[in-house]
Amino acid sequence: MASDRRTLLADAALDVLADEGMRGLTHRAVDRKSAMPPGTTSAYFRTRAALLTGLVTRLVQLDQAELQTLAEELAPLHTVEELVDGMVLLTRQRLTGEGRRRSLARHACAVESVRDPELREILVPRENVGREAVRQFLVTHGVTDVDNRTHTLLTCIDGLVFDRLVNGGEVQREALEGLVAAALR
């Protein structure tokens, strides 16, 4: 029960952060968002740092689950078109609905992690099926320095998502095609 409540509170904290930003993220705001009695959030996450750690841990869990689901839905990546199709789908998910809310929270937490090594460690890109699919695609296509190219490609995609979060719109397929072409050079 306690872990279920912690998850519920972490999800509510994600919602507060997406709606109100870092300054709006308080124990009271999470209590209200989760419809829990006042003081519940502080009972489970005693300090703001503990609340942020719980939020970021949950964010990473949700992101990993999203990538796992996406990998299961997509066929193995053999062609540039298939890779770009997967990237188009991922960027759309990250810019709409719950994915957009998580993206807003993720970027706010990334900025906060500049001053918090514990948060930074939790946010470090994890090995996951999405990253591995991109890595294997690049290996199959003869790319040298595959780990750096994978990191650079995925970081650039994150940058495009961030730009569209701030400026509106969606990531254009042509931009993703250009990134893949650059990774394959």
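Look above for the structure.
Remember, it's a predicted structure, so these values are computed and weren't measured experimentally.

A closer look at the overall build of the chain
Thought 1: The helix and strand tally for the chain stands at 10 helices and zero strands.
Thought 2: Listing the helices and strands of the chain from first to last along the sequence gives α-α-α-α-α-α-α-α-α-α.
Thought 3: For 185 residues, the compact-globule estimate of 2.2 N^0.38 gives 16 Å, and the C-alpha radius of gyration of the chain, at 18 Å, lies within 12% of that figure.
Thought 4: With the C-alpha coordinates of the chain rotated into their principal frame, the extents come out at 55 × 30 × 30 Å.
Thought 5: In the chain, buried positions account for 39% of the 185 residues.
Thought 6: When the accessible area of the chain is evaluated, it comes to approximately 10100 Å², of which 55% is carbon and sulfur surface.
Thought 7: The chain carries 24 positive and 27 negative side-chain charges, and their two centres are separated by 7 Å.

Observations concerning helix α2 (residues 27-34)
Thought 1: Those residues of α2 lying buried are H27, A29, V30, D31 and S34.
Thought 2: Immediately beyond the C-terminal end of α2, within one or two residues, lies A35, with a positive phi of roughly 60 degrees.

Thoughts on the packing of helix α5 (residues 80-95) against helix α9 (residues 146-167)
The description of two helices packed together rests on the angle between their axes and the distance between the axes.
Thought 1: Between α5 and α9, the shortest axis-to-axis distance is 10 Å and the interhelical angle comes to 40 degrees. Classed by the angle they form, the pair α5 and α9 counts as oblique. Seen from above, α5 lies across α9 with right-handed handedness. Where α5 abuts α9, its residues M87, T91, R94 and L95 lie against L153, I157, D158, V161, R164 and L165.
Thought 2: Among the residues making up the contact of α5 with α9, the classes are represented as six nonpolar, one polar and three charged.

So, the nonpolar core
In summary, soluble globular proteins display a tendency toward joint burial of nonpolar side chains.
Thought 1: Counting 22 residues, the largest nonpolar core has A13, L17, L25, V30, L51, L55 and V56 as the members making the most contacts within it.
Thought 2: Within the residue set of this core, elements represented by two or more residues are α1 (2-24), α2, α4 (48-73), α6 (97-112) and α7 (117-123).
Thought 3: Looking at which element gives the most residues to this core, the answer is α1, with seven residues.
Thought 4: With residues up to four places along the chain from it excluded, the contact list for L55 reads A10, A13, L14, L17, L25 and C109.
Thought 5: Membership of the second largest hydrophobic core comes to 20 residues, among which are F137, L138, L153 and L179.

Rules used throughout
- Residues numbered from 1 in each chain as written.
- Predicted model: local features only at pLDDT ≥ 70, side-chain atom pairs only at ≥ 80, totals over all residues.
- Heavy atoms only, no water.
- Helix = DSSP H or I, 4+ residues; strand = E, 2+ residues; numbered from the N terminus.
- Rg over C-alpha atoms; globule rule 2.2 N^0.38 Å.
- Buried < 20%, exposed > 50% of the residue type's maximum accessible area, 1.4 Å probe, protein only.
- Areas by Shrake-Rupley, 256 points an atom, 1.4 Å probe, with all protein chains shown as cover.
- Lys, Arg positive; Asp, Glu negative; His and termini not counted.
- Charge placed at Lys NZ, Arg CZ, Asp CG, Glu CD.
- Axes fitted to C-alpha atoms, helices over the stretch in contact; angles between N-to-C directions.
- Parallel < 35°, antiparallel > 145°, perpendicular 65-115°, else oblique.
- Left-handed = near helix turned anticlockwise from the far one by under 90°.
- Contact = heavy atoms within 4.5 Å.
- Nonpolar A, V, L, I, M, F, W, Y, C, P; charged D, E, K, R; others polar.
- Core = buried A, V, L, I, M, F, W, Y, C linked by side-chain atoms within 4.5 Å.

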